[in-house]
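Fold and contact review
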Amino acid sequence: MSSSPLDNPFYYLENFKQVLEWIARRYDDLLDEHERAFIRHFAQLPQPSQALLVRMVMRKGTLFRASKLDYPEIGDVRLAVLPLLECAWVDSRPALDLNELFQLLRKVELTTCFKDHGVRSSEKKADLLERLLPHYPHSQALEHWFTEFDEVVFSLQVMPVCDRVRLLYFGNLYQEWSEFVLADLGIYRYEKVEFSADSRAINERIDIDVCIELHACRQALDEGLALEHLARRALDITTGNAWLSMRRSKLLFQIGQQAEREQDWPLALSVYARSNYPGARVRRIRVLERSEDYVSAMALLQDAQAAPENDAETQHVSRVYPRLLRKLGGPVTKRKPARAVERLDLSVAPRADSSVERMIQQHLTQEGGEVHYVENALINSLFGLLCWPAIFAPLPGAFFHPFHSGPSDLYSPDFYQRRAQQFDECLALLESDCYKTVILERFASKFGLQSPFVFWGALTPELLEQALGCLPAAHLRHWFLRLLQDIKANRTGMPDLIQFYPQQRRYRMIEVKGPGDRLQDNQLRWLDFCAEHGMPVVVCYVQWAPEDVHSVLRV
């Protein structure tokens, strides 16, 4: 029986060493002398000291009670910490403000510490903190806060260096060290991609600071900090890295959305104007309209009409245009009607233990055919399996560590163009029946590996067999090419159900709408696309019937 990597009590230390070796080998030209010295010095520490440091790095925060750092493989923490104190990577007498003290101590300990303030047993910790804050504005060491307390607090001083190491490795600060553990446990499994010398997310030292600032701004937005100041910080970020530039555009877009919520139209316009994120131009048109600057809104709308960025923008513009024209005193025009889609009206009794989609699935199954609740899972998965080699092609900058569920440039405008040859080779398989064998083989060989397209939990061999037997290759090609036109926008909005008729080798898709529900924009675009290409699709509108009524009404 093979042993698990977690059987090694120092598994987390081995993972950390692996990251340091990876960084030293691939990013040495981007490191400063302080970071290089950290990597060299870490290798020279005794193993218990290395392990203690990594345990603190991988935990939340930078302040730790010595009594809480109890790890059998490390032993006496007060001995293991000595080399870390000598090199000033850990401070054993940090100055603590009142908030930090409250985070470290339990309520009963705080009651003793502040006994002169008459702490009541019923008083909540948060209320006590608020009451004491005016009395203790300054920071001080633990022994000055609590003289009779037999405890030591360690403050981790090298977290900024460790964060930069993590940033260089993952290309972001969202992925944590726990990625290694989840992979070691087999909870997440990843495709193995060959890394070239060019496989790096960051190629200039300045972009490390850009990443850190982008992350800090995103956190500030989540925490509700002053929006105008945050917008200035984000607008001041400059980078020549296309991947980071897109992240900056997304941040500006999110700031613009928040400015809209606060009805700060000038701020929203200023950040949207500097964002290339999909949808930013539509938001500018909306804000200009809300600001009653109809002339500027129409001018921008006409730019979008002349060169739309995607189908979503075309849809939004067609909806706004008649309204803007009317506000400018122009003639009233009617929007071009959407292509007709077959309608199915059903009356069913409501059930508390089932969604409306599942209810319709069961009802249609009784009528005949094999009905599956797939929503976006099936078409995306077939695409992901057929085009696996193109999606995971080891292009420069696409993959730069072993924990990628997909390429880092998945949503970049040139994602398809950079891999056109690989995708064309995959789609060429649709010209003969060999694509069916390829998809089934990949389902077996890649099963469970992380993918941005494949929904393993929704796939079964039976579903794949039916899909490959009933879905025409021409329809698959149309769907897959539409996905590649705009992955972010087009990977959602597909009909809820698919009904197969294996004997006739045909199918139909069913979008289910419960009482009061309406079609969303991305669903309307998919329905229009299916109608344009002659794909059988219906919209099922459901009305609730009394529980004793089982009749079905069709229109």
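Residues numbered from 1 in each chain as written. Predicted model: local features only at pLDDT ≥ 70, side-chain atom pairs only at ≥ 80, totals over all residues. Heavy atoms only, no water.

As a further point, take unusual backbone geometry. Working note: non-glycine residues mostly have negative phi, and peptide bonds are mostly trans. At Glu292, a residue that is not glycine, the phi angle is positive and equals roughly 65°. Along the chain, the position of Glu292 falls in the loop between α16 (280-290) and α17 (294-306). A relative accessible area of 60% means that Glu292 is categorised as exposed. With a phi close to 55°, Arg505 is a non-glycine residue in the positive phi region. The topology assignment puts Arg505 in the loop between β6 (497-501) and β7 (506-513). By relative accessible area, which is 53% here, Arg505 ends up exposed. (Helix = DSSP H or I, 4+ residues; strand = E, 2+ residues; numbered from the N terminus. Buried < 20%, exposed > 50% of the residue type's maximum accessible area, 1.4 Å probe, protein only.)

Our focus in this paragraph is empty space enclosed by the protein. As enumerated under the stated definition, the model contains one cavity of 30 Å³ or more in all. Put simply, the largest cavity is a space of about 50 Å³. Around the largest cavity, the lining residues are Val374, Glu375, Leu378, Ile379, Met494, Pro495, Leu497, Ile498 and Met509. The set of elements that each furnish at least two residues to the lining of the largest cavity consists of α20 (377-386) and β6. For the lining of the largest cavity, a count of residues per class yields eight nonpolar, no polar and one charged. (1 Å grid on protein atoms, 1.4 Å probe; cavity = no way out; pocket = protein on both sides within 12 Å on 5 of 7 lines; lining within 4 Å. Points joined across faces, edges and corners; volume = space filled by probe spheres on them. Nonpolar A, V, L, I, M, F, W, Y, C, P; charged D, E, K, R; others polar.)

A word on the sheet that holds strand β2 (residues 90-91). The strand order across the open sheet formed by three strands is β1-β3-β2, and the pairing between neighbours is antiparallel. Of all the strands in the sheet, the pair left with one neighbour each is β1 (63-65) and β2. Relative to strand β3 (residues 153-156), β1 runs antiparallel, the two sharing three bridges. For Leu63, the partnering residue across the bridge sits in β3 and is Ser155. Helix-sheet contacts for helix α3 (residues 47-58) involve β1, β2 and β3, and the interaxial angle to β3 is about 75°. (Pairing = 2+ DSSP bridges. Contact = heavy atoms within 4.5 Å. Axes fitted to C-alpha atoms, helices over the stretch in contact; angles between N-to-C directions.)

When pLDDT is averaged along the protein, the result is 91, and 96% of the positions lie at 70 or above. Ignoring residues within four places in sequence, the model shows residues 549-555, a span with pLDDT below 50, making 10 contacts including any to other chains. (pLDDT = per-residue confidence, 0-100.)

To continue, consider α20. With 10 of 10 residues buried, α20 is to be regarded as a mostly interior element. On its buried side, α20 packs onto α21 (388-391), α23 (420-427), α24 (434-445), α25 (461-470), α26 (473-485) and β6.

Moving on, we get to the sheet that holds β7. Reading across the sheet, the five strands line up as β4-β8-β7-β6-β5 and stay open at both edges, with mixed pairing between neighbours. With partners counted over all chains shown, the strands left at the sheet margins are β4 (342-348) and β5 (370-373), one partner each. On average, each strand axis in the sheet is inclined to that of its neighbour by 30°, with strand direction left out of account. Relative to β7, β6 is paired through five bridges, and the arrangement is antiparallel. Bridge pairing links Gln499 to Arg508 in β7.

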